[in-house]
Amino acid sequence: MSNTPLSALQKTQLMKLEKKLRRHVGQAISQYNMIEDGDKVMVCLSGGKDSYAMLSILMLLKVSAPIHFDIVAVNLDQKQPGFPEHILPQYLNELGIEYHIVEEDTYGIVKEKVPEGKTTCSLCSRLRRAILYKVAKNIGATKVALGHHRDDMIETLMLNMFYGGKMKAMPAKLVSDNGEHVVIRPLAFCKESELIQYAALKHFPIIPCNLCGSQPNMQRQNIKKMLNDWHQEFPGRIESMFTAMQNVVPSHLCDNELFNFSDINSNSGVINGGDTAFDEPELNFNGSAKETKMPTNKTEQLTIIEVQ
């Protein structure tokens, strides 16, 4: 961690940004009931900006939260060549929190099993999860916290739509693969751009991942570039996409398992606005978004969000 002092302006920026991130994390924890009284939260610390930020914000919330929960930081040393083993223990000792460094040569396994030029993420992720779940069980953790943020969730949605044929993303809370742990993503409402700024202001000792992040052929990198281009050209589009992930209307999709299309008939009544839900939104000339109520019958109304 750098000892370079912050300027007065940077201190103000940090204070405002930290307050915003605390609000976002607190909202996610509350909305999805992520952390409960008496929980032991295992914070998976990779050495990247996101997990550092997650640990930092959770430590702040622990002080002010109306409930009691414990935090244990866990890092998986995957034995990548040149990995600076001293950085995380030094940083965590300075914080004065409980932590565990787990050493497993997943790097060697991945390099042996995955052909040159192929992406390593799938195998690496499976190996890493299995080890982390084992650690969680050994230390008695009741929640496993991962540092995925809002942009990760949107990217995963697009990846599954484009390449997996599914409308599926990263949930904010789930049960682990082995059915034994509750996995949470406290940064679900946090923007990556804000986490980048926060990491810079906090001078986190970032450890780059040479196994996955440097792969130029990753489809996730292509999706990230596409979303960044959209954000530059159409500000607000990413926010609208994330809002849409929280406002799913099964009656206006095509999954017969989620909605009983077979039993719809002329006596079913208008469902979620009927075909008026397909009408083009009326755009405000100055680009501002507003909500308009359009009556469909005496008992139902359709909500239209106007966007540019």
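Our structure is the block above this text.
Keep in mind the model is a prediction, meaning the values are calculated, not measured.

1. Some thoughts on the sheet that holds strand β6 (residues 182-184)
The strand order across the open sheet formed by six strands is β3-β2-β1-β4-β6-β5, and the pairing between neighbours is mixed. Both outer strands of the open sheet, β3 (99-103) and β5 (173-175), are each paired with one neighbouring strand and no more. Neighbouring strand axes in the sheet, compared pairwise and without regard to direction, differ in orientation by 25° on average. Sheet analysis places strand β4 (residues 143-145) next to β6, joined by three bridges and oriented parallel. Note on β6: the bridge partner recorded for V144 is V183. With respect to the sheet, helix α3 (residues 87-95) is in contact with β2 (70-77) and β3, its orientation differing from that of β3 by roughly 170°.

2. Here's the deal with the nonpolar core
Across soluble globular proteins, nonpolar side chains show a tendency to be buried alongside one another. V25, I35, V43, L58 and Y198 are the most contacted members of the largest nonpolar core, which totals 50 residues. Sorting elements by how many residues they give to this core places helix α2 (residues 49-64) first, with seven residues. Dropping the residues within four chain positions of it, Y198 is found in contact with L14, L17, E18, L21, A53, S56, I57, L60 and F204. If you look at the next biggest cluster of nonpolar residues, it comprises 16 residues, including L76, I139, A141 and V183.

Parameters at a glance
- Residues numbered from 1 in each chain as written.
- Predicted model: local features only at pLDDT ≥ 70, side-chain atom pairs only at ≥ 80, totals over all residues.
- Heavy atoms only, no water.
- Pairing = 2+ DSSP bridges.
- Helix = DSSP H or I, 4+ residues; strand = E, 2+ residues; numbered from the N terminus.
- Axes fitted to C-alpha atoms, helices over the stretch in contact; angles between N-to-C directions.
- Contact = heavy atoms within 4.5 Å.
- Core = buried A, V, L, I, M, F, W, Y, C linked by side-chain atoms within 4.5 Å.
- Buried < 20%, exposed > 50% of the residue type's maximum accessible area, 1.4 Å probe, protein only.

Note that every value here comes from positions in space, so none of it alone points to a role or purpose.
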